[in-house]
Amino acid sequence: MLKWRVAAKTDAGCQRQRNEDTYYVSPDNRLFVVADGMGGAAGGAKASKLAVETIEKEWKENPAPKDGADRIREWLINAVSQANKAIFEERESNVTLKGMGTTIVVAVQAGDSMIQIAHVGDSRAYLLRGGKTILLTNDHSVVHEMVRAGRLTEAQARTNPYKNLITRCLGHEEKVEIDQVPVDLEAKDWIVLCSDGLSTVLLDDQISDVVSKKNEPDLVCDELVKQTLDGGAPDNVTVVAIHYLESDNGSK
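Please read all numbers here as calculations on a predicted model, not as lab measurements. (Residues numbered from 1 in each chain as written. Predicted model: local features only at pLDDT ≥ 70, side-chain atom pairs only at ≥ 80, totals over all residues. Heavy atoms only, no water.)

Colleague: Describe the side chain of S195, listing the residues and the values that go with them.
Modeller: Mapped onto the elements, S195 comes out in the loop between strand 9 (190-194) and helix 5 (196-199). On the accessibility criterion, S195 (0% relative accessible area) is buried. Polar contacts involving the side chain of S195 include one to the side chain of D21, which spans 2.9 Å. (Helix = DSSP H or I, 4+ residues; strand = E, 2+ residues; numbered from the N terminus. Buried < 20%, exposed > 50% of the residue type's maximum accessible area, 1.4 Å probe, protein only. Polar contact = N/O pair within 3.5 Å; in protein donor to acceptor, adjacent residues only side chain to side chain.)

In structure tokens, the structure reads:
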């Protein structure tokens, strides 16, 4: 069994006046959420906040079970679907919010050394293990669909003029397809959730370098945000870092 420590940090970045990202870490350190809003300053901030608040409310009223992969997966699907519904209904009822939506990445920690991740859009989840950075999520974006099809390289995707165009988000349709991935964890693993404000600036090697040199989640978050800001941070940046350690009794 494992125990874990977590920290989170967000910053508006170097070019945005308003932070449209929202994150949440539950008091019991089992639910982790990062949302990156879009649709203008007011709409983007409202969409990400509404998504996170909807999932937080669901957690408080009916938290995911601590075991059973299928049951946790069902909880994630329901929670993210409820967030999508809340944003969709809000934008349908207010003409000034027609363009609002949000990406989201949500992780639920199980008690059996597994974490379940769900996501929509281009906010990401990484596993860092043994000095390697492993991307757990597939960006729902125009350029990364081209990367997966072999039409662009990762390097080309970073400078492509359409790199910010996403193909899937919360709030634009009444129903949304939600991707999921289960991850079996080991001692010394890190899980990093982030908005694309970080992943479009920092390379995988830079992320793993930070994690290898820092041993505390708060220090990892501070350094990742700092390096993103040093890199120009054209967008808001948000990161949640979780570090896993051996535990005799499995308590967090």
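Colleague: Any chance you could break down the side chain of N236 for me, citing the residues and the numbers?
Modeller: Mapping N236 onto the fold places it in the loop between helix 7 (217-230) and strand 10 (237-246). At 2.8 Å, the side chain of N236 forms a polar contact with the backbone oxygen of A12. For N236, the side chain forms a polar contact with the main-chain nitrogen of E20, separated by 2.7 Å. Leave out the neighbours within four places in its chain, and N236 touches D11, A12, G13, R16, R18, N19, E20, D21, S195 and G197. (Contact = heavy atoms within 4.5 Å.)

Colleague: So what about the nonpolar core? Which residues, and what values?
Modeller: Membership of the largest hydrophobic core comes to 29 residues, with the highest contact counts inside it found for L31, I55, W75, V80, I104 and L170. Of all the elements in the fold, those that place two or more residues in this core are strand 3 (31-38), helix 1 (41-61), helix 2 (69-93), strand 4 (101-109) and strand 5 (114-120). With 7 residues, helix 2 is the single largest residue contributor to this core. Residues within four places of I104 in sequence aside, it is in contact with V33, V34, A35, A51, I55, V80, A118, H119, V120, S123 and L170. (Core = buried A, V, L, I, M, F, W, Y, C linked by side-chain atoms within 4.5 Å.)

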